[in-house]
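Survey of secondary and tertiary structure
Here is what each chain is made of, one letter per residue.
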Number of protein chains: 2
Amino acid sequence: MAFQYLSNSALGQARENYTARLVQCGFSEETETVKVQDACGRITAAPVYARICAPHYAASAMDGVAIAAEDSFGACETAPVVLGEDKFTVVDTGDPVPEGCSAVVMIEDVVKNTDGSIKLYGPAVPWQHIRQIGEDICAGEMILPSFEEVSPSAIGALIAGGVPEIQVIKKPVVGIIPTGDELVEPCTKPEEGEIPEFNSSIFASMVREWGAEAKVFPIVRDDFTEIKNSLIKALEECSMVILNAGSSAGRDDCSAAVIESVGEIVCHGLAIKPGKPAILGLRGKKAIVGVPGYPVSGIIVIEEILKPLIEKWFHRERERKKYAQAVLTKSLVSGFKYQEFIRTRLGYVGDRLMAAPLNRGSGVVSSFMKADGILEVPQGTEGYEAGERVSVRLLKPEERLKNTIVVTGSHDPLIDELAEIIHRQNEKIYLSSSHAGSMGGIMAIRRGEAHLGGCHLLDTETGLYNLSYMRRYFPDRDVKLVRCVGRQQGLMTGRGNPLKIKGFEDIVKGRYVNRQKGSGTRILADYLREKAGLAAENIKGWEREELTHTSVAAQIAGGSADFGLGIYSAAKLYDLDFLPICTEEYDLIIPDYAWNTEIVQSLIAALKSDSFRDRITRMGGYTLENPGEIIPY
Amino acid sequence: MAFQYLSNSALGQARENYTARLVQCGFSEETETVKVQDACGRITAAPVYARICAPHYAASAMDGVAIAAEDSFGACETAPVVLGEDKFTVVDTGDPVPEGCSAVVMIEDVVKNTDGSIKLYGPAVPWQHIRQIGEDICAGEMILPSFEEVSPSAIGALIAGGVPEIQVIKKPVVGIIPTGDELVEPCTKPEEGEIPEFNSSIFASMVREWGAEAKVFPIVRDDFTEIKNSLIKALEECSMVILNAGSSAGRDDCSAAVIESVGEIVCHGLAIKPGKPAILGLRGKKAIVGVPGYPVSGIIVIEEILKPLIEKWFHRERERKKYAQAVLTKSLVSGFKYQEFIRTRLGYVGDRLMAAPLNRGSGVVSSFMKADGILEVPQGTEGYEAGERVSVRLLKPEERLKNTIVVTGSHDPLIDELAEIIHRQNEKIYLSSSHAGSMGGIMAIRRGEAHLGGCHLLDTETGLYNLSYMRRYFPDRDVKLVRCVGRQQGLMTGRGNPLKIKGFEDIVKGRYVNRQKGSGTRILADYLREKAGLAAENIKGWEREELTHTSVAAQIAGGSADFGLGIYSAAKLYDLDFLPICTEEYDLIIPDYAWNTEIVQSLIAALKSDSFRDRITRMGGYTLENPGEIIPY
């Protein structure tokens, strides 16, 4: 109805205007006094000066004897100086140097005579081994300036300088109000139509990472008055407020009206994707950020709008985003009118950083969790071609990306288990996998974009797996085929087989759910369909594609489909009935350019491990015969 | 007496042996279960699998109407399809898609008829605008592997996946036992011989930064039984224990004996400086690290020995130290037998990173606070020449170093005040100053090592300040002389002038404390001494040198000297009597290569600010006339 009412403000300009308006209204940090011992990591609000000197008295820096230096002058190996008991004082490290003494001689250099006197075989340099008053810190000296993070050693210096407490910048309290009729508290068994409310937990964790305090308010229904009351309460208790969802201009969206009723809207609608329907509002000096309901949109709006405010509050330099050049593995279309934030998997293959775009759905919170980087497509760009070099913002340390095994190919949950085994063995090594199907994996490896890929391609003429494909796509034989597992493919269907199907030919009896084109399972499905003499258009749901075995199983378990082709372990996971069709060979394709790397060899070791055998056995539907061996082709 | 009993074990080998022995004795992480909402930043102890799909039902992704897609096939602009009320359902974003529906049409694309039916002007693609079950996460999918830090978005994914709590690695509890007869609780008025105990606060802050919990035990006297009892208690309550001080082999050092009485010592004595007398001990799987009493030694031992253990506990990759090439500003002698850790100031002058070594005393905790980097001189190296390129470990971000004004020259507390003004104005800009005296500053600028230096050099022939020195040392005129302040120099002496001196010639009446050679104040002192006809050897304490005005004042206030030459503001700070001698010109030397940088210009602006005038007035003893103007020479 009302989307046209949203503005399409460029992010940078909108942020600048918003911040300026907030400052105009008095936005500024608050301060508090804390005990020095609790100040680590806090930011000073004012310069701190030492109250006493450290040391505050002339102290011995050694265990030894304190003397007047001139008493030792002239001493040498052949003519030692003897000092009577009234001419020296035994001191330990830290003891005050007695009046009249101007040097300390180390105990190792002192020879004691039986009459209590001592012998020195060399002269003492005046002031040697004495810690002068203020050697470390002088009273009145500025120990810390304003806006400096208090480090552990600064805490030592402050205590040494006699400072018991300091003024620091108070943590801003960020209120978070979740709104939405569909939301319920996090739980393990939500009803249909109920969504466990997790945005608040994400946002709270984010603002805490940035040094703020988070205060999550109870879930509010989509009701103007209820939301308004909650917002007023939050504004009383907090310095900034996130009003989550309802920020668009749809039927039930009343965030904008609520914010306007208590304060002012500086901007409604940003030229970003996801995150467009954001509201930048305020009441007095307090920011009110209206954030869209989809988690990915929310994360981006909070990071782009709220984080800079928190940094400003702390007088902290804005965090510099770290970018790297990466090669895009897939073509990408982007809206010309928007700056787009695309989550990507990243990994070094050789010395090229590969960027594989993740699911772009703004409801897919796992895409943010899996993201190693963000491709920020600027406004006015329509996208990029596969293979193009793009600048990607890094979310993970480069070192980690260099130790990440990049897997692209056929999906099997065993890949996650392999990752787990490898990472437990060596915490330095990570694994990142994208599901592209067997053919997708072959193509990625041909382009040099992955370390390995899972593959289970049936040659319908020979009845053999993978071999002919290897010969066709890797005629130079510069890629190894490595044995992984045998796995049972079959038809998954509802518990108790409600439609009483007996084989693949029966899939016309109900709604089928398919795998994507290019996946080994889809090739098998097409083969079986043709063998059964069925036309695709006669099968209900044949056009419906899912990317993984588990998501096919999930649709059947959820009741939106009746059957689909998949592996036994997926059926078992969802407690579905399973009609076995064949045992296929799921192998790994590993190019020579990756073979000799430590990370790939750690995967081969994992393949051969007992731990892998145990996990595979527990999952069910697999056979294991010499995993890790190289298969000639 | 017993230093020879300490071993001189190479750090790397000692750490490796120690860790191996601990692992042999069962050293390993503990785990605990936490609510997902509280898990941000924690490390998973086991893989976490989704319990439910997200979404867990097929949900509308838009506000609109849900239909059977095939009902819309054939619709076009000229021949819209009309659907009666029984053929569609109005849905909001997040609503379940009703049974039999396979597409959602956006509300904007729906035309409502008055009879309640709707008109569609185009066909719907099957499954459009429907979030399939498991689109985000499939039940059974591994959400997080072991040993992974939980991110904010992972918390969202976990809640969406129906996971209420997860197993994470417990924070190890590190017990800290301070020992020493001289120690007192932190306070503002310690007695002579009392040292406020601050090491525990430093160490506690450090281990907390690394993710551990710190438990500080009460101060224990230097008594075998008391220390042993405290250690036994700490071992019961903690996973690792730091026993602070007494780790050497001196008269009162009983840490080694105590550790041996409860457990085992793997190594006593490391080939590092500071930090040599460290003890690497254990009881069973619990580490006991005996740490020297001087704060700098303690920090290094804890960082090099305890931090790797905490990282191992968390299965975290060892933090990679970051190094950069820097030019050393001073020659440096290092012990051949030791690996030495030298704190340095760092700053970019042009594109060269300059490293200025800080006070090497291991009691000087402020040196760690001020350090921007650590120069790790390897064992077997005898030092470096000034101007040599060395590899320095960075403690501050490079960006900060690039925005740091490097000041080397004559000391005046006003430099700290300038830094404060600049940083409050622009939090990006920092200032780092070393006290090298006026001549030291001139030399540093000639070598291109600093952005500016304070200077107050009297030409005794002309009675003018700085001008002739500028002409002599910068004959190319590629350096600007910038007016700063006039300041009163005089003789500082105890409150009430106890020795009743009337002028410089009276300094023979007591103990003098001098400034270092090359400082402007020392040149003035030498001039005054000669004018008074006094020989250096007849003045008690003439050889005693301090680096700053405040430290000279501190010695007089502390009673270890009777007078010294210095500026009024230092005398005022310590409430000393002050006999004015002259008003000198304290100016800034700024080379052309630094002049046009943003950071130096911000300093010029600060010089001209009201804030500077206010602060200078409060400090006392200064005159201000056109600060910031360029003085021709």
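Located above this text is the structure these notes cover.
Here we summarise the structure given alongside this text. Predicted, not measured: the structure shown is a model, and the values here were computed from it.

Conventions used here
Residues numbered from 1 in each chain as written. Chains lettered and ligands numbered in written order. Predicted model: local features only at pLDDT ≥ 70, side-chain atom pairs only at ≥ 80, totals over all residues. Heavy atoms only, no water. 1 Å grid on protein atoms, 1.4 Å probe; cavity = no way out; pocket = protein on both sides within 12 Å on 5 of 7 lines; lining within 4 Å. Points joined across faces, edges and corners; volume = space filled by probe spheres on them. Helix = DSSP H or I, 4+ residues; strand = E, 2+ residues; numbered from the N terminus. Phe/Tyr/Trp six-rings, centres within 6.5 Å; stacked < 30°, edge-to-face > 60°. Buried < 20%, exposed > 50% of the residue type's maximum accessible area, 1.4 Å probe, protein only. Lys NZ or Arg CZ within 6 Å of the ring centre and 35° of its normal. Contact = heavy atoms within 4.5 Å. Buried area = accessible area lost by both parts, 1.4 Å probe. Salt bridge = Lys/Arg side-chain N within 4 Å of Asp/Glu carboxyl O. Nonpolar A, V, L, I, M, F, W, Y, C, P; charged D, E, K, R; others polar. Pairing = 2+ DSSP bridges. Axes fitted to C-alpha atoms, helices over the stretch in contact; angles between N-to-C directions. Least-squares fit on C-alpha atoms with pLDDT ≥ 70 in both. Expected span 1.5 Å × (residues − 1). Bend = angle between axes of the 7 residues up to and from the residue.

**Looking at empty space enclosed by the protein**
Residues and elements named next belong to chain B.
- Per the stated rule, a full pass over the model turns up six cavities of 30 Å³ or more.
- One number sums up the size of the largest cavity: a volume of about 60 Å³.
- Lining the largest cavity are Val407, Gly409, Ser410, His411, Asp412, Pro413, Ile415, Asp416, Ser433, Ser434 and His435.
- Put simply, the parts of the chain that give the lining of the largest cavity at least two residues each are β29 (404–409), α9 (414–425) and β30 (430–435).
- In terms of residue count, the dominant contributor to the lining of the largest cavity is β30 (three residues).

**Some details on the packing of aromatic side chains**
Residues and elements named next belong to chain A.
- For the structure on display, the rule yields eight aromatic pairs over all chains.
- Residues Phe27 and Trp313 carry aromatic rings whose centres are separated by 6.1 Å and whose planes lie at 70 degrees to one another, so their mutual orientation is edge-to-face. Taken together, the positions of Phe27 in the loop between α1 (11–24) and β1 (31–35) and Trp313 in helix α6 (residues 295–313) put the pair 286 residues apart, joining distant regions of the chain. Just as Phe27 is buried, Trp313 falls in that class too.
- With a centroid separation of 5.3 Å and an interplanar angle of 85 degrees, the aromatic rings of Tyr568 and Phe578 are classed as edge-to-face. Within this pair, whereas Tyr568 is found in helix α14 (residues 568–573), its partner Phe578 is found in strand β38 (residues 577–591), the two being separated by 10 residues in sequence.
- Within the aromatic cluster, the residues linked to one another by ring pairs are Phe504, Tyr512 and Trp542.
- Against the face of Tyr469 rests Arg472, its NZ or CZ located 5.2 Å from the ring centre.

**Considering the interface of chain B and chain A**
- Between chain B and chain A, the residue contacts involve 110 residues of the former and 109 residues of the latter.
- Between chain B and chain A, a total of about 8800 Å² is buried, with carbon and sulfur atoms accounting for 56% of that surface.
- Linking chain B to chain A there are six salt bridges.
- Among the salt bridges present, the one from B:Arg320 reaches A:Glu399, with a minimum N-O distance of 3.7 Å.
- The dominant element in the side of chain B that touches chain A, judged by the number of residues it contributes, is helix α2 (residues 152–160) of chain B, at eight residues.
- By residue class, the composition of the side of chain B that touches chain A is 51 nonpolar, 26 polar and 33 charged.

**Some words on the sheet that holds strand β7 (residues 103–106) of chain B**
Residue and element names in this part refer to chain B.
- The three strands lie next to each other as β6-β4-β7, forming an open sheet whose pairing is antiparallel. For this open sheet the edge positions go to β6 (89–91) and β7, each flanked by a neighbour on one side alone. This sheet shows a mean twist of 35 degrees between the axes of neighbouring strands, independent of strand direction.
- Pairing between strand β4 (residues 64–67) and β6: three bridges, direction antiparallel. Of the residues in β6, the one forming a bridge with Gly64 is Val91.

**With respect to the sheet that holds strand β17 (residues 240–244) of chain A**
All names here are of chain A.
- Taken in spatial order, the six strands line up as β16-β13-β17-β21-β20-β18 in an open sheet, and their pairing is mixed. Across the chains shown, the open sheet's two edge strands, defined by having one partner strand only, are β16 (213–216) and β18 (264–268). Here the strands of the sheet are splayed against their neighbours by 20 degrees on average, with no regard to which way each runs.
- When strand β20 (residues 279–283) meets strand β21 (residues 286–291), the two strands line up antiparallel, connected through five bridges. Residue pairing for β21: Ile279 is matched across the bridge by Gly290.
- Strands in contact with α1 are β18, β20 and β21; relative to β20, the strand with the most contacts, it is inclined by about 5 degrees.

**Here's the deal with the relation of the copies chain B and chain A**
- The transform that puts chain B on chain A rotates by 180 degrees and translates by 0.0 Å along the axis, for an RMSD of 0.1 Å. Taken together, the turn and the small shift mark the pair as related by a two-fold rotation axis. Using C-alpha coordinates, one finds that chain B approaches the rotation axis most closely at B:Glu209, a distance of 6.6 Å.
- Comparing interface residues between copies, 99% of those in chain B also lie at the interface in chain A; the contact surface is shared.

**Quick look at the pairing of strand β24 (residues 339–349) of chain A**
Residues and elements named next belong to chain A.
- Burial runs high along β24: 11 of the 11 residues are buried.
- Alternating positions in β24 separate into two faces, Gln339, Phe341, Arg343, Arg345, Gly347 and Val349 on one and Glu340, Ile342, Thr344, Leu346 and Tyr348 on the other, with burial throughout.
- When strand β19 (residues 272–273) meets β24, the two strands line up parallel, connected through two bridges. What sits directly across from Lys273, in β24, is Glu340.
- Note: β24 against strand β26 (residues 373–377), five bridges, orientation antiparallel. In the strand pairing of β26, Phe341 is matched with Glu376.
- Between the end of β24 and the start of strand β25 (residues 352–357), which pair antiparallel, lie two residues, with Gly350 showing a positive phi angle near 65 degrees.

**Re the pattern of salt bridges**
- Scanning all chains against the criterion turns up 68 salt bridges over all chains.
- Residues A:Arg615 and A:Glu417 are paired through a salt bridge, measuring 2.8 Å at the closest nitrogen-oxygen approach. Of this pair, A:Arg615 sits in helix α17 (residues 610–619) while A:Glu417 sits in helix α9 (residues 414–425); the two residues are 198 residues apart in sequence, bridging distant segments of the chain.
- Judged by relative accessible area, which is 15%, A:Arg615 ranks as buried.
- Between B:Arg511 and B:Asp562 there is a salt bridge whose closest N-O contact spans 3.0 Å. Taken together, the residues span a long stretch of sequence, with B:Arg511 in the loop between β34 (479–493) and β35 (514–515) and B:Asp562 in the loop between α13 (549–558) and β37 (563–567) at a distance of 51 residues.
- Because the salt bridges share partners, they merge into one network encompassing A:Arg15, A:Glu303, A:Glu304, A:Lys321, A:Glu376 and A:Arg393.

**Considering α6(A)**
Residue and element names in this part refer to chain A.
- The terminal C-alpha atoms of α6 lie 25 Å apart, and with 19 residues this matches the ideal 27 Å at 1.5 Å per residue to within 8%.
- Its maximal kink placed at Glu303, α6 deviates by approximately 35 degrees.
- Of all 19 residues making up α6, 17 are buried, and the element is well covered by its neighbours.
- A positive backbone phi angle near 55 degrees is found at His315, which sits one or two residues after α6.

**Examining the environment of A:Asn466**
Residues and elements named next belong to chain A.
- With respect to the helices, strands and loops of the structure, Asn466 is situated in the loop between β33 (464–465) and α11 (467–473).
- Its relative accessible area of 0% is what places Asn466 among the buried residues.
- A C-alpha to C-alpha distance of 17 Å links Asn466 and Asn626, two positions 160 residues apart in sequence.

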